[in-house]
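Here is what each chain is made of, one letter per residue.
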Amino acid sequence: MSSVANRETSAATVEPIAFSLRPGVSLPDWSVVHAAPARQALGAILEAFGIERCFAGYSEIEDRVRQAVLMLYGELGRAPDRVALAEKTGLSADAVHAALASLHARDLILLDDVTGEIVGAYPFTERVSGHRVRIGARKLTAMCAVDALGAGAMYGADSEIRSACRECGAAIVVRTVRDGAELLAVVPAGAVVWNGIHYEGQAADSLCRVIAFFCSDAHLEGWSAARRGLKGFRLSLDEALQVGKALFVPVLAPPVGA
Ligand SMILES: [Zn+2]
């Protein structure tokens, strides 16, 4: 039994939060989250992120632009520019501009402070995060361990994740199958995820930095012991995949019954 206790936040006891993204599609998809630690971690993420505030007044145009950003990310292997987005969505340059500003304010995409170009859209970032995801021929960079695990399933595609132990730097490789929905292989076999809970400003600079892979429980414990008062959850790779699927599969899921 691990000595790293799951340090529960109040979210562990609240009713599952969900937001209706489009007809028949809710975010997150709680139906794929079976393990208790995964449900607690997901609840705490949503609470920290402020999902209700985040999605208040979320429009069909914003949803269309967000989906186009992520579809183009998958096609190009990098963040798309505004011209490509206008082409993909059929919206005017002004409409794309307004939707991107709104999505940025909601902390669903990241824009460069100077150029205004897209530099990230959860689950992906243009920064160096240490979490590489290969999906088909495309190599992308994920914001965090959970984002890396959820990315393949978001596209309905198998994935290979290459990351490193946050404590010792040892390589960690994860492969998924069944369209990214299940684990095929985890190396080393004892690897775990620390799903830290910390939100300040934007998730990329806070929450995502404390959701990481560790090569073993021992190394998670060593890292954790040096950082008192951490809030978060120790997840198996399968539990972390459940959280990733719950957060990202709905993002590109077609409306049901439409
Ligand atoms: Zn390690």
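No experiment lies behind these values; they were computed from the predicted model shown.

(A) Inspection of the sheet that holds strand β11 (residues 192-196) at higher detail. With respect to topology, three strands assemble into an open sheet ordered β12-β11-β13, the strand pairing being antiparallel. Edge strands, defined here as strands with exactly one partner in the open sheet, are β12 (211-214) and β13 (232-236). When strand polarity is set aside, the average angle formed by the axes of neighbouring strands in this sheet is 25 degrees. Sheet topology note: the β11/β13 ladder contains five bridges and is antiparallel.

(B) Looking closely at the pattern of salt bridges. Evaluation of the coordinates by the stated rule reveals nine salt bridges. Here R22 and D63 are joined by a salt bridge, their closest N and O atoms 2.8 Å apart. Here D63 lies in helix α3 (residues 60-76) and R22 lies in strand β1 (residues 19-22), a separation of 41 residues in the sequence. Of the two residues examined, R22 and D63, each falls in the buried class.

(C) Layout of the coordination of the zinc ion. Coordination of the zinc ion by the protein is provided by C165 (SG), C168 (SG), C215 (SG) and H219 (ND1), with metal-donor distances spanning 2.0 to 2.3 Å. Given four donor atoms and angles of 95 to 124 degrees at the metal, the environment of the zinc ion is assigned as tetrahedral. Classification of C168 by relative accessible area gives partly exposed; the value is 42%. For H219, a relative accessible area of 27% translates into the label partly exposed.

(D) Representation of the nonpolar core within the structure. Within the largest apolar cluster, 87 residues are counted, with the highest numbers of intra-cluster contacts made by L100, L149, V193 and F213. Once residues lying within four places of it in the same chain are set aside, the contact partners of L149 are I161, V174, L183, V193, F213, L237, A240 and L241.

(E) Main features of helix α7 (residues 217-225). L220, W223 and S224 are the residues of α7 that are buried. For α7, the angular spread of buried residues about the axis comes to 95 degrees, placing them on one side.

(F) Region of the structure containing the pairing of strand β8 (residues 160-164). Strand direction decides the pairing type here: strand β6 (residues 132-135) and β8, joined by three bridges, are antiparallel. Residue pairing for β8: R132 is matched across the bridge by R162. Sheet topology places β8 next to strand β9 (residues 171-177); five bridges connect them, and they run antiparallel. What sits directly across from R162, in β9, is V173.

(G) Structural view of the packing of aromatic side chains. A full pass over the atoms with the stated rule returns seven aromatic pairs. An angle of 20 degrees between the planes, with centres 4.6 Å apart, marks the rings of F19 and F55 as stacked. Within this pair, whereas F19 is found in strand β1, its partner F55 is found in helix α2 (residues 51-55), the two being separated by 36 residues in sequence. F19 sits in the partly exposed class, given a relative accessible area of 21%. Each ring, one from Y73 and one from F124, has its centre 5.1 Å from the other, and the planes form 40 degrees; the classification is tilted. You can see Y73 sitting in helix α3 and its partner F124 sitting in strand β5 (residues 124-125), a full 51 residues away along the chain. The same class applies to Y73 and to F124, which are both buried.

(H) Highlighting the environment of F124. You can call F124 buried: its relative accessible area is 0%. C-alpha separation for the pair F124 and Y73, spaced 51 residues apart in sequence, amounts to 8.2 Å. When near neighbours in sequence (up to four residues on either side) are disregarded, F124 contacts L70, Y73, L140, T141, A142, M143, A151, M154 and Y155.

(I) Fine view of the sheet that holds β9. Strand order in this open sheet of five strands is β7-β6-β8-β9-β10, and the pairing throughout is antiparallel. At either end of the open sheet lies a strand with only one pairing partner, and these are β7 (138-141) and β10 (182-187). Across this sheet, the average inter-strand angle for adjacent strands is 20 degrees, counted without regard to direction.

(J) Molecular detail of the packing of helix α4 (residues 82-89) against helix α5 (residues 93-105). Where α4 contacts α5, the two axes come as close as 9 Å, and the packing angle between them is 105 degrees. Classified by the angle their axes make, α4 and α5 are roughly perpendicular. Packed against α4, whose contacting residues are R82, L85, A86 and T89, the element α5 presents V96, H97 and L100 at the interface. The class makeup of the residues in the contact of α4 with α5 is four nonpolar, two polar and one charged.

Reading the values: the criteria
- Residues numbered from 1 in each chain as written.
- Predicted model: local features only at pLDDT ≥ 70, side-chain atom pairs only at ≥ 80, totals over all residues.
- Heavy atoms only, no water.
- Pairing = 2+ DSSP bridges.
- Helix = DSSP H or I, 4+ residues; strand = E, 2+ residues; numbered from the N terminus.
- Axes fitted to C-alpha atoms, helices over the stretch in contact; angles between N-to-C directions.
- Salt bridge = Lys/Arg side-chain N within 4 Å of Asp/Glu carboxyl O.
- Buried < 20%, exposed > 50% of the residue type's maximum accessible area, 1.4 Å probe, protein only.
- Donors = N, O, S within 2.8 Å, 3.2 Å for Na, K, Ca; no water.
- Tetrahedral: all angles 85-135°; square planar, octahedral: opposite > 155°, others 65-115°.
- Core = buried A, V, L, I, M, F, W, Y, C linked by side-chain atoms within 4.5 Å.
- Contact = heavy atoms within 4.5 Å.
- Arc of directions from axis to C-beta.
- Phe/Tyr/Trp six-rings, centres within 6.5 Å; stacked < 30°, edge-to-face > 60°.
- Parallel < 35°, antiparallel > 145°, perpendicular 65-115°, else oblique.
- Nonpolar A, V, L, I, M, F, W, Y, C, P; charged D, E, K, R; others polar.

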